[in-house]
Amino acid sequence: MIWRYVIQRLLIAAVQLLALAVLVFFIIRLMPADPVARLVGFNASPEAYAQSQQALGLDRPLLLQFSDFLGLTAGQPGGGLLQGSLGESWESNEPVADELIRSLPVTLELVSLSLLVSLLLAIPIGMYAAARPGGAVDKGAYVWGMFAGSQPDYWWGLLFILVFAFTLGVAPAPLGRHDPLLLPPDPVTGLILVDSVLRGRWDVLVSAFGYLALPVITMVFTVSGAIIKMIRQNTVRALSSDYVMFARACGLPQRTVALYALRTALTPTLTLVAVFFSVLLSAAVTVERVFSLNGVGQYSVRAILNFDYPAIQGAVLAVAFVSLMVYLLVDILHAVLDPRSRSH
Amino acid sequence: MSAQAAGGALLSATGICVDYEGKRAVDGFSLEIQRGGFVGVMGQPGCGKSTAALALLGLVRPPGRITAGRVLWQGRNLLEMDERQLAGIRGSQIGLVTQSPRSSLHPMLTVGAQLVRVYRAHTSASRREAREHALEMLRLVGIQEPARRLDAYVHELSTGMAQRVVIAMALCNQPALLVADEPTSGLDVTIQAQVLDRLWEAAGQLGSAVLLVTQDLGIVANYCDRVVVMDRGGVVEEQTVHGFFQAPRHQYSRRVVGLQTLVSASSPQPDAIRNAAGPEAEDVLVRVRGLRKVFRVPGRTEPLAAVDDIDLAISRGECVGLVGESGSGKTTAGRCILRLEDPDAGEILFAGKALHQMRPVELRAERARMQIVFQDPLDSMNPRWTVEQVIREPLDLATELSTGERRNRILELSRATGLPLDALERRPRELSAGLQQRVAVARAMVTRPDFVVLDEPTSALTPETTAELVGLLRDLRGRYGVAYLLISHDLTTIRDACDRVVVLYLGQVVEEGLTEQIFGAPRHPYTRALIAAHLSADPNSRRVDQTDRTGLLGEIVPVSESLMGCRLSPRCPHAVSRCRAETQSLEAQADGRRVRCWRALEGDLE
Amino acid sequence: MAQTQNGSTEQLMRPAPSPGIGARVLLWFGLSVAASVVFLAMFGPLLAPYDPREATGNVGVPPPSLAEWPGLILASVTGQLDAHPHWFGTDFYGLDVFSRVIAAARTDVTIALGGALLSLALGTSLGLIAGFFRNWATALLVRISDVLQSFPVFITAMVLVALAGRATGNIVLALCLVYTPIFLRLTRAEAMTQARRGYVEAARAAGAGPWYIAWRHVLPNSMVPALVQLSVTIGFAIILTAGLSFVGAGVQPPTPEWGLMISQGAGDLNYGWWWTSVFPGLAISITVFGFAVLGHALEARFR
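Nothing here was measured: the structure is a model prediction, and the numbers come from that model. (Residues numbered from 1 in each chain as written. Chains lettered and ligands numbered in written order. Predicted model: local features only at pLDDT ≥ 70, side-chain atom pairs only at ≥ 80, totals over all residues. Heavy atoms only, no water.)

Peer 1: Run through the overall build of chain A, naming residues and quoting values.
Peer 2: Helix and strand content of chain A: 14 helices and zero strands. Going from N to C terminus, chain A has its helices and strands arranged as α-α-α-α-α-α-α-α-α-α-α-α-α-α. Dimensions of chain A, computed from C-alpha atoms along their principal axes, come out at roughly 85 × 55 × 40 Å. Contacts spanning at least 24 positions in sequence make up 67% of the contacts within chain A whose residues lie at least 6 apart. Accessible surface for chain A amounts to roughly 15,600 Å². Of this, 68% is attributable to carbon and sulfur atoms. Taking the 21 positively charged and 21 negatively charged side chains of chain A as two groups, their mean positions are separated by 17 Å. (Helix = DSSP H or I, 4+ residues; strand = E, 2+ residues; numbered from the N terminus. Contact = heavy atoms within 4.5 Å. Areas by Shrake-Rupley, 256 points an atom, 1.4 Å probe, with all protein chains shown as cover. Lys, Arg positive; Asp, Glu negative; His and termini not counted. Charge placed at Lys NZ, Arg CZ, Asp CG, Glu CD.)

Take a look at the structure:
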């Protein structure tokens, strides 16, 4: 039953990804941008222009380019999407896939850590606020949600740097993932925290935590208010529900009643995880820039500003893949936890 | 124990007050309950009866608060106990049955797991023993296939079944007192009778006293020993059930009891057409032949026939009742006749015109002459519009009247339906449910239609407002000569308002006849069961005093179309093998009525 | 059935939407911030003491300290000063930060309002159609909108604006594209609920056609969630507009724009010049907070 659901969802995700690949391919080529001019300079001779155009394959008909992209053209070196290749960056001439394997973990680490910290903060606060509606915590959380729920993360990141790094000196300057004087561990997963543990590089681990602190705080700052608000609402709903009152009327111990409420309050929170993962992926683009982190956000900014088509396609597909997988995982967990979503 | 020996009361509450953000919902409620008694609590909606009942367990819905009073239980004040002490009493000594069973059970846990938890919270039973006990409890409250139901989730249960589970949970530790808050609101009469019978029997077996909150006089008359009447948050009357019906004291009590006698004294329209088989050809306003509507249900391979080959005729000015349990297809039939839903087969002639062949545009032009009143009056009105806008809409859509004529027509109808003048300026939600339904009737009548379908018009109303609405409908029929198709599961409404009655079961007509034929001498087993399950407000012929209460078994379950034989046979107490083998047809009888049951036709059931 | 019978208690039991903070206070605060920002957007360039695009020659002047402000304000009102003070200091090029912050309100608010209103119009219309007329075409529309919504908005907007050309109109269109799904989803959900309500059926029974019902009944009753969302979306749109220029994919220099100013000011932090990035950020922060409060106040009022 559940497997059928998983397979069905995986197929849908695959179709969506393919549709997105097609969409991205054509949209960026229909835009009025001129990548050749960007690459050779606006004063280049027509010959140099034509040569560059040919080198990029942009002189070929659009459909042929598309077949190159998908990997349907015979005898094509390196293959295309269907062979698992995302092409080579026009900027660095490196395979886009290799570049993404370096940059994606940086973003994933930042985003998941931020989400985890946000949830660890928001769940107890949201529930406490719901348990004492109108109390000080509730009011505080409400104002907080209103204020921080929509704030420019890039500006708050700069403020935090100004205060904590430049003025107070308690945090490191925004120079990447760890002390630039330390040699990073050889990548295993690409996640610096995990790799430094795997390689026993405790100096890097400590440094990385320090360097991650401000970016994570920035992200948590902007996203936790909204999460608190939604957890509060779900909990208020669960606490005022008939089944909680009936459980009390049946003389169930307080702990059991609390678990009854917890279960229904937190299951919808799962859906939030997916939504906020996507929100944080957006925020990562600017936060990475503030803190000089070479994640996929920074990568896509560079690719887009350079009109580096293969890199744009690769970055968009990578981000889409991650979001789709998170949505899928959350939906499956939801189906496991909530019998109602299983029955139809 | 000493307090009990002295006062004899099981529970005694004094001076309970419950506040909702400054508004007082219960105001000085006091009550004593004796061992083993069956007490009914009555009162108008909003009088605080449910809130007071919950407060007896020290419970209150958020954001309310119990601000004063005490509840003495075995000499100790419940309202001064902490949560732990309360948890020891709730569910073990005092049980609660709630009004909305489906939302009272946890949506993500199986029924069995919840029952086991409640039992184990108050006993030292092992998991296995608790499961055994849970099974036994489900059997006690009359759940079929209890072992399978233990693993069901609440969304897989019908409301009636969920209510039985709730009762099982409330009774599983043999409480000395059971508080039941409108336990059967929203259930069909047949299921209501089953549930209450089981509740009555189980409470009797376990020796529990019962406090039953209800506004149904029938329930009070048939099950309760004592009656408590509440008004504005306090008790205003308390006496035995016989005393209550003979000499009600409070004005509310006098009104509701008076209603019963008033209604049953009045007879149907004297000048109405008295032909059991339906009108003669020349009088016919609506004629339906072979009406059929099927629905595709997800998860079932076969489509389900909600309406299956219905023939019906209604003459001008006649009121025909359509009855049956929910799921019998009566609402779908009504909607198909007006073509609010497109039937799959059959013909509908309205004043000689073939409605079933009309295109949407032609149909819209016809709508002024046939109207409908819906079950939930508030839901059927645009919340942003004033009452006047609501009533005017059909005029705007279907007539060419001038603004002044429209205004006059609206005023005329609001007078005829007894709306206060200032109601026209208000929004529907600011009116009481009774007035809302009057607005709905005014809107249906404003274009002076020949035919109005009334789809469960009284189900959102109190018994009092129901009686008023029935009177209003009769009035309007006299004044405008309109014909009604009255769809209802409330037999009192049908009996008081209709000339003829058509009984539906699973989309088929099983019996059709004059109102007094159907109510006086029902023939079909289904009609008999419906009438038997109907709780009349007469404490002298109580249902619980009768030795034989066998009615229908179980609940309405859609049967496969390929099933040969009578559709009622799985539930019918009179079914024999021939019933399951032969398809039943609707046969006319000498007295004009039609019955779909060979045993009834052969007189086997008399 | 149970609801109507116990309407009074049901209403009492509904949990309060805000924990006892007066909706009236919120409404006035939000409205006054929103009104001031719109006022600045209309007249800001006229009020700016310096030309926001012209260098003053004073490079990297810090703002006067808080203690000097009252005296300076008094002096400038009474006209005792030869030159306007640089309230917020000047930047690397010698541009007056105060004038640029004020002038930027026009850029940011115009773009954000344009994008939000356009997506409101498009989203509610499509949402109404998708919720009321349900067929394969509207199902496809909803599917596309869902996929669009699940993708990080910032990246979508960045791709569109950078490749289409970093013009104001393109930013508005990109905002419209990323925010339309929100309004579509909200309106559709509400329209689906409303379409099942009895009054829609009653209108049909009275002889109304589908478009009449959609327009007269369903739309007015389905707009509330979208309208409540509008205010919050304007705030988000301002953050996104400024964020795009912050990463270099939005409006082009030397247009006065908050995000662009923060981006340029970020480098100044190394010299200890905090004012070039803090003041434009403060402008965004307050503006967006005002719209968020307004949104919460409307939510408390209408739900």
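Here the narrative resumes.
Peer 1: Please set out the domain arrangement of chain B residue by residue, giving values where relevant.
Peer 2: All names here are of chain B. The assigned domain composition of chain B is domain 1 (4-104 + 176-264) and domain 2 (281-513). Listed per partner, the contact involves twelve residues of domain 1 and eight residues of domain 2. Counting every contact that joins domain 1 to domain 2 gives one salt bridge. We note a salt bridge from glutamate 464 to arginine 255, for which the minimum N-O separation is 2.4 Å. For the interface between domain 1 and domain 2, the tally reads three residue pairs in polar contact (both at pLDDT 80 or more). Sorting the residues of the side of domain 1 that touches domain 2 by element identifies helix H9 (189-206) and helix H12 (251-265) as the ones contributing at least two each. Ranked by residues supplied to the side of domain 1 that touches domain 2, first place goes to H12 with five residues. (Domains from an automatic or database assignment. Salt bridge = Lys/Arg side-chain N within 4 Å of Asp/Glu carboxyl O. Polar contact = N/O pair within 3.5 Å; in protein donor to acceptor, adjacent residues only side chain to side chain.)

Peer 1: Tell me what's going on with the pairing of strand E2 (residues 23-34) of chain B, and back it up with residues and numbers.
Peer 2: Residues and elements named next belong to chain B. Bridge count between strand E1 (residues 9-20) and E2: nine bridges; the pairing is antiparallel. Among the inter-strand pairings, leucine 11 is bridged to a residue of E2, identified as isoleucine 33. Between E1 and the antiparallel strand that follows it, E2, lie two residues; glutamate 21 among them carries a positive phi value of about 45 degrees. (Pairing = 2+ DSSP bridges.)

Peer 1: Give me the lowdown on the sheet that holds strand E14 (residues 345-350) of chain B, citing residues and values where you can.
Peer 2: Residue and element names in this part refer to chain B. If you trace the four strands from one edge of the open sheet to the other, you get E12-E11-E14-E15, paired in antiparallel fashion. Looking at which strands have only one partner, the edges of the open sheet turn out to be strand E12 (304-315) and strand E15 (353-354). Across five bridges, the pairing between strand E11 (residues 284-295) and E14 is antiparallel. Pairing of arginine 292 across the sheet is with alanine 345, part of E14. Strands E11, E12 and E14 of the sheet are contacted by helix H13 (residues 330-337), whose axis makes an angle of about 120 degrees with E11. (Axes fitted to C-alpha atoms, helices over the stretch in contact; angles between N-to-C directions.)

Peer 1: Could you give me a rundown of the interface of chain C and chain B, with the residues and numbers involved?
Peer 2: Each side of the interface is counted separately: chain C has 28 residues, and chain B has 38 residues. The contact between chain C and chain B buries some 2,900 Å² in all, and 54% of this surface belongs to carbon and sulfur atoms. At the surface where chain C touches chain B, the tally comes to two salt bridges. In this structure, glutamate 201 of chain C and arginine 335 of chain B form a salt bridge, with 2.4 Å as the shortest nitrogen-oxygen distance. For the side of chain C that touches chain B, the secondary-structure elements that each account for two or more residues are helix H1 (2-5), helix H2 (7-13), helix H9 (198-205) and helix H10 (210-222) of chain C. It is H9 of chain C that provides the largest number of residues to the side of chain C that touches chain B, a total of seven residues. A class-by-class count of the residues in the side of chain C that touches chain B yields 14 nonpolar, ten polar and four charged. (Buried area = accessible area lost by both parts, 1.4 Å probe. Nonpolar A, V, L, I, M, F, W, Y, C, P; charged D, E, K, R; others polar.)

Peer 1: So, H13 of chain B: which residues are in play, and what are the values?
Peer 2: Residue and element names in this part refer to chain B. Burial runs high along H13: seven of the eight residues are buried. Among all positions in H13, only Lys330, Thr332, Ala333, Gly334, Arg335, Cys336 and Ile337 are buried. Directly after H13, the chain includes arginine 339, whose backbone phi takes a positive value near 55 degrees. (Buried < 20%, exposed > 50% of the residue type's maximum accessible area, 1.4 Å probe, protein only.)

Peer 1: Quick one: what's the story with the domain arrangement of chain A, residue by residue and with numbers?
Peer 2: Residue and element names in this part refer to chain A. Under the domain assignment used here, chain A contains domain 1 (2-83) and domain 2 (99-343). Each partner contributes to the interface: domain 1 provides 20 residues, whereas domain 2 provides 17 residues. Counting each side, the surface lost to burial between domain 1 and domain 2 is near 1,800 Å², with a carbon and sulfur contribution of 77%. Across the contact surface, domain 1 and domain 2 share one salt bridge. One salt bridge connects arginine 9 with aspartate 331, and the closest N-O pair in it is separated by 2.4 Å. Along the contact surface separating domain 1 from domain 2 lie three residue pairs in polar contact (both at pLDDT 80 or more). Among the secondary structure elements, those contributing two or more residues to the side of domain 1 that touches domain 2 are helix H1 (2-30) and helix H2 (35-40). Here the side of domain 1 that touches domain 2 gets 14 residues from one element, more than from any other, and that element is H1. For the side of domain 1 that touches domain 2, the per-class residue count stands at 15 nonpolar, one polar and four charged.

Peer 1: Can you tell me about the pattern of salt bridges, naming the residues and giving the values?
Peer 2: All names here are of chain B. One pass over the structure, following the stated rule, counts 50 salt bridges over all chains. Here glutamate 325 makes a salt bridge to arginine 571, at a shortest N to O gap of 3.0 Å. With glutamate 325 in the loop between strand E13 (319-323) and H13 and arginine 571 in the loop between helix H21 (525-533) and helix H22 (577-581), the pair connects residues that are 246 residues apart, well separated along the chain. Glutamate 325 gets classed as buried once you look at its relative accessible area, which sits at 1%.

Peer 1: Outline empty space enclosed by the protein, listing residues and values.
Peer 2: Counting across every chain of the model gives 13 cavities of 30 Å³ or more. Its boundaries defined by the atoms lining it, the largest cavity holds a volume of some 80 Å³. Residue lining of the largest cavity: Gln16, Leu17, Leu20, Ala320, Ser323 and Leu324 of chain A together with Val147, Ser150 and Phe151 of chain C, and that is the complete set. Those elements that place two or more of their residues in the lining of the largest cavity are H1 and helix H13 (309-337) of chain A together with helix H6 (136-150) of chain C. The class makeup of the residues in the lining of the largest cavity is six nonpolar, three polar and no charged. Looking at the lining of the largest cavity, you find at least three residues from each of domain 1 (2-83) and domain 2 (99-343) of chain A. (1 Å grid on protein atoms, 1.4 Å probe; cavity = no way out; pocket = protein on both sides within 12 Å on 5 of 7 lines; lining within 4 Å. Points joined across faces, edges and corners; volume = space filled by probe spheres on them.)

Peer 1: Describe the pairing of strand E17 (residues 451-455) of chain B, naming the residues involved and giving the relevant values.
Peer 2: Residue and element names in this part refer to chain B. Of all the five residues making up E17, five are buried; the element is thus mostly covered by neighbouring parts of the structure. With four bridges joining them, strand E16 (residues 370-373) and E17 adopt parallel strand pairing. Residue glutamine 371 lies in a different strand from E17, and its bridge partner there is valine 452. The sheet contact formed by E17 and strand E18 (residues 483-487) spans five bridges and is parallel. Note on E18: the bridge partner recorded for aspartate 455 is isoleucine 487. You can see the chain leave E17, run along helix H18 (residues 463-480) and come back into E18, and the turn it takes is right-handed. (Right-handed = clockwise from strand over helix to strand, strands pointing away.)

Peer 1: Please set out the environment of valine 61 of chain C residue by residue, giving values where relevant.
Peer 2: All names here are of chain C. Along the chain, the position of valine 61 falls in the loop between helix H3 (23-47) and helix H4 (69-77). Expressed as a C-alpha distance, the spacing of valine 61 and glycine 89, which sit 28 residues apart in the sequence, is 5.0 Å. When near neighbours in sequence (up to four residues on either side) are disregarded, valine 61 contacts His86, Gly89, Thr90 and Trp275.

Peer 1: Which residues make up the sheet that holds strand E20 (residues 508-514) of chain B, and what values do they have?
Peer 2: Residue and element names in this part refer to chain B. Within the open sheet, the eight strands sit side by side as E16-E17-E18-E13-E19-E20-E22-E21. Their pairing is mixed. If you trace the sheet from one side to the other, it starts and ends with E16 and strand E21 (587-588), each paired once. Packed onto the sheet, H13 meets E13, E17, E18 and strand E19 (500-505) and runs at close to 150 degrees relative to E18.

Peer 1: Would you mind going over the packing of helix H11 (residues 254-290) of chain A against H13 of chain A in detail, with residue names and values included?
Peer 2: Residue and element names in this part refer to chain A. It is at 9 Å that the axes of H11 and H13 come closest, and there the two elements cross at 180 degrees. Our classification of the angle between H11 and H13 gives roughly antiparallel. Here H11 contributes Arg263, Thr267, Leu270, Thr271, Val273, Ala274, Val275, Phe277 and Leu281 to the contact with H13, which in turn contributes Val319, Val322, Ser323, Val326, Tyr327, Val330, Leu333, His334 and Leu337. The residue makeup of the contact of H11 with H13, split by class, is 13 nonpolar, four polar and one charged. (Parallel < 35°, antiparallel > 145°, perpendicular 65-115°, else oblique.)

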